[in-house]
Amino acid sequence: MTQLKDGIPSTPGKFKMDKSPYMIHRLRWQLPLAKLTFWSCLFLGLILLFFLRSTPSSLSRISDSNRRSLASTWGGPDWEKRVRDSSRIRSSNGMSVLVTGAAGFVGTHVSAALKRRGDGVLGLDNFNDYYDPKLKRSRQARLERSGVFIVEGDINDSALLKKLFDVVAFTHVMHLAAQAGVRYAMQNPGSYVNSNIAGLVSLFEVCKAANPQPSIVWASSSSVYGLNNKVPFSERDRTDQPASLYAATKKAGEEIAHTYNHIYGLSITGLRFFTVYGPWGRPDMAYFFFTKDILKGKPIPIFEGPNHGTVARDFTYIDDIVKGCLGSLDTAEKSTGSGGKKKGPAQLRIFNLGNTSPVPVTKLVSILERLLKLKANRVMLKMPRNGDVQFTHANITLAQTELGYKPTTDLQTGLKKFVRWYLSYYNNSGRNKSVE
């Protein structure tokens, strides 16, 4: 494997697959007793952390979320009609998909893509205020114009989830609802346990009891690779050294998924996303707030590793991620349980979805400068110990083989599309309306 002078890998490493892809997934979960004990303790520790270390603000947010869920109006003939209409399959061999986190960045794009090809799509989102809810409402309005109804509610509301499955026999669930962000976990740890662990269990509980059980595709994260130094990251690499609470909750989610697959026969596919970007993105992501701050003339903090090492990310354009999500849904096998009882072995998969081309953050800023026709006020800082890692790099051999996944958008092209959307959405009428 060759490397650039600054230490960032330039080409993916060799990846030798076993003859049977099924064996890859089976072997991956045959952990020694010590690792099982470790993850059991981690899970219990996270629950304890939620109750003992949550700040008043985090508890308030969770309570507010519950109140919104309880206060939301759902049920009744008109509501059920909207749910059925949105979930109606309009193409031959289509599927009916419940998309959680549908007003989120990835959820919006996946929902729109499914609807365009004739699948039935119903969204679910709690519209929390982790970032500007107005952006989420704008995404909602966009989806509703295409015929996608988003139910306002929380994945921890089991009564609501059960009602949705009573109204519609979903064939698939695309679970994208989660508390995102690495750094925010230091401010509000309880929200990560509530959404990424308790919420996942709540969803799995309803899915296991459904008849028929749906096939599930859910968003894990490339953050699970944590302090792993081997690059590019492969699905078979160790993931027991999380660098953040967010990563720990996603890793715990992968172990929980294995449990529900093993005991209840749920068909589950996990997707490890690598730094997704593009139009309608998340304001807490670097490319997004860099654009905002460059336009406002504010300083741009750029982190560097030890000894001035380069920080790089495997930036992956949203359209490529959507293709991977749809490929996962299309190749998902049926769950094998019924009424909460397993009838036979069920499919269990995990895939990296990345671009395979890590780009230094400094280059990201340079591209934005050219597109915005403005010079950034760069401020170089040492990378803080807040859960971030120095670089990410995906090996996508498995996704290419099993999903036909092939990313096609380079960073220059993707950022150009993002900047066009950003200037249009936020009406920056004073300057730089054209993007070269």
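Look a little higher up for the structure.
Residues numbered from 1 in each chain as written. Predicted model: local features only at pLDDT ≥ 70, side-chain atom pairs only at ≥ 80, totals over all residues. Heavy atoms only, no water.

Peer 1: So what's going on with the overall build of the protein? Residues and values would help.
Peer 2: Looking only at helices and strands, the protein features 14 helices and 15 strands. Counting across all 436 residues of the protein, residues that qualify as buried make up 57%. Pairs at least 24 residues apart make up 82% of the contacts formed inside the protein by residues separated by at least 6 positions. Of the roughly 19200 Å² that the protein leaves accessible, carbon and sulfur atoms contribute 54%. (Helix = DSSP H or I, 4+ residues; strand = E, 2+ residues; numbered from the N terminus. Buried < 20%, exposed > 50% of the residue type's maximum accessible area, 1.4 Å probe, protein only. Contact = heavy atoms within 4.5 Å. Areas by Shrake-Rupley, 256 points an atom, 1.4 Å probe, with all protein chains shown as cover.)

Peer 1: Describe the nonpolar core, and please don't skip the residues or the numbers.
Peer 2: Grouped together as the largest cluster of nonpolar side chains are 80 residues, with contacts concentrated most on V106, V110, M174, F273, Y287, L364 and L415. If sequence neighbours within four positions are ignored, L415 has contacts with Y277, Y287, L364, I367, L368 and L371. Among the nonpolar cores identified, the runner-up in size contains 34 residues, and L98, F170, A210 and A252 belong to it. (Core = buried A, V, L, I, M, F, W, Y, C linked by side-chain atoms within 4.5 Å.)

Peer 1: I'd love a proper account of the sheet that holds strand β4 (residues 172-175), names of residues and values included.
Peer 2: Taking strand neighbours across the sheet as the criterion, the seven strands line up as β3-β2-β1-β4-β5-β6-β13 in an open arrangement whose pairing is parallel. Taken across any chain shown, the strands that pair with only one partner, and hence form the sheet edges, are β3 (149-152) and β13 (348-353). Across this sheet, the average inter-strand angle for adjacent strands is 20°, counted without regard to direction. Bridging between strand β6 (residues 268-273) and β13 involves six bridges; their strand directions are parallel. (Pairing = 2+ DSSP bridges. Axes fitted to C-alpha atoms, helices over the stretch in contact; angles between N-to-C directions.)

Peer 1: Before we move on, can you summarise the pattern of salt bridges with the specific residues and values?
Peer 2: Summed over the entire model, instances satisfying the criterion amount to 15 salt bridges. The shortest N-O distance in the salt bridge between K208 and E205 comes to 3.1 Å. Remark: E205 and K208 occur in helix α8 (residues 189-209); sequence separation between them is three residues, near one turn of the helix. Owing to a relative accessible area of 31%, E205 belongs among the partly exposed residues under this scheme. Where E369 meets R378, a salt bridge forms, and the shortest distance between an N and an O atom there is 3.0 Å. (Salt bridge = Lys/Arg side-chain N within 4 Å of Asp/Glu carboxyl O.)

Peer 1: Break down unusual backbone geometry for me, citing the residues and quoting the values.
Peer 2: Following N211, the chain continues into P212 via a peptide bond in cis, with omega recorded as 10°. Looking at the element boundaries, P212 is found in the loop between α8 and β5 (215-219). With an omega dihedral of -5°, the bond running from V231 to P232 counts as a cis peptide bond. The residue P232 is located in the loop between β5 and α9 (245-264) in this model. Unlike most non-glycine residues, T356 shows phi in positive territory, near 70°. Relative to the helices and strands, T356 is located in the loop between β13 and β14 (359-360). Phi angles above zero are rare outside glycine, and K373 is one such case at about 60°. Structurally, the position occupied by K373 is in the loop between α12 (361-372) and β15 (377-382).

Peer 1: Give a description of the pairing of β3 that names residues and reports values.
Peer 2: Looking along a regular strand, one sees side chains alternate from face to face of the sheet. Where strand β2 (residues 120-125) and β3 come together, four bridges link them in parallel fashion. Bridge pairing links G123 to I150 in β3. Handedness of the crossover joining β2 and β3 through helix α6 (residues 133-145): right-handed. (Right-handed = clockwise from strand over helix to strand, strands pointing away.)

Peer 1: How would you summarise the packing of aromatic side chains if you had to cite specific residues and measurements?
Peer 2: Taken as a whole and assessed by the stated rule, the structure comprises 30 aromatic pairs. Members of the aromatic cluster, joined through ring pairs, are Y277, W280, Y287, F288, F315, Y317, F418, W421, Y422, Y425 and Y426. In this arrangement the basic side chain of K136 is found over the ring face of Y131, its NZ or CZ atom lying 4.6 Å from the centre. Of note, R137 hangs over the ring of F127, and the distance from its end group to the ring centre comes to 3.7 Å. (Phe/Tyr/Trp six-rings, centres within 6.5 Å; stacked < 30°, edge-to-face > 60°. Lys NZ or Arg CZ within 6 Å of the ring centre and 35° of its normal.)

Peer 1: So, the packing of helix α10 (residues 286-296) against α12: which residues are in play, and what are the values?
Peer 2: Closest axis-to-axis distance for the α10/α12 pair is 10 Å, and the angle between their directions is 45°. Compared by their axis directions, α10 and α12 come out oblique. α12 is crossed by α10, and the crossing has right-handed handedness. Along the contact surface, α10 presents Y287, F290, T291, I294 and L295, while α12 presents V361, L364, V365, L368 and L372. Considered class by class, the residues forming the contact of α10 with α12 number nine nonpolar, one polar and no charged. (Parallel < 35°, antiparallel > 145°, perpendicular 65-115°, else oblique. Left-handed = near helix turned anticlockwise from the far one by under 90°. Nonpolar A, V, L, I, M, F, W, Y, C, P; charged D, E, K, R; others polar.)

Peer 1: If you had to explain the environment of D157 to someone new, which residues and values would you point to?
Peer 2: Its location among the elements puts D157 in the loop between β3 and α7 (158-167). With a relative accessible area of 12%, D157 lands in the buried category. Taking the C-alpha atoms as reference points, D157 and S202, separated by 45 residues in sequence, lie 7.8 Å from one another.

Peer 1: Summarise the packing of helix α5 (residues 105-116) against helix α11 (residues 318-331); cite the residues concerned and give the values.
Peer 2: Axis separation between α5 and α11 bottoms out at 10 Å; the angle between their running directions is 60°. As far as their axial angle goes, α11 and α5 are oblique. Crossing of α5 against α11: the hand is right-handed. Between α5 and α11, the contacting residues are F105, V106, H109, V110, A113 and L114 on the first element and I318, I321, V322, C325, L326 and L329 on the second. For the contact of α5 with α11, the residue count by class is 11 nonpolar, one polar and no charged.

Peer 1: Tell me about helix α4 (residues 77-87), residues and numbers included.
Peer 2: Those residues of α4 lying buried are W79, E80, V83, S86 and S87. Along the axis of α4, the buried residues cluster in a sector spanning 130°; they form a single face. Residues P77, D78 and K81 are exposed on α4 and point more than 90 degrees away from its buried face. (Arc of directions from axis to C-beta.)

Peer 1: Run through the pairing of strand β1 (residues 96-100), naming residues and quoting values.
Peer 2: Of all the five residues making up β1, five are buried; the element is thus mostly covered by neighbouring parts of the structure. Side chains S96, L98 and T100 of β1 all project onto a buried face; the interleaved residues V97 and V99 project onto the opposite face, where all are buried too. Direction of pairing for β1 relative to β2: parallel, over a ladder of five bridges. Along β2, the bridge assignment pairs L98 with L122. Chirality of the crossover, the property in question, places the unit of β1, α5 and β2 among those that are right-handed. Of the pairings in the sheet, the one linking β1 to β4 comprises four bridges and is parallel in character. Bridging across to β4, L98 finds its partner in V173.

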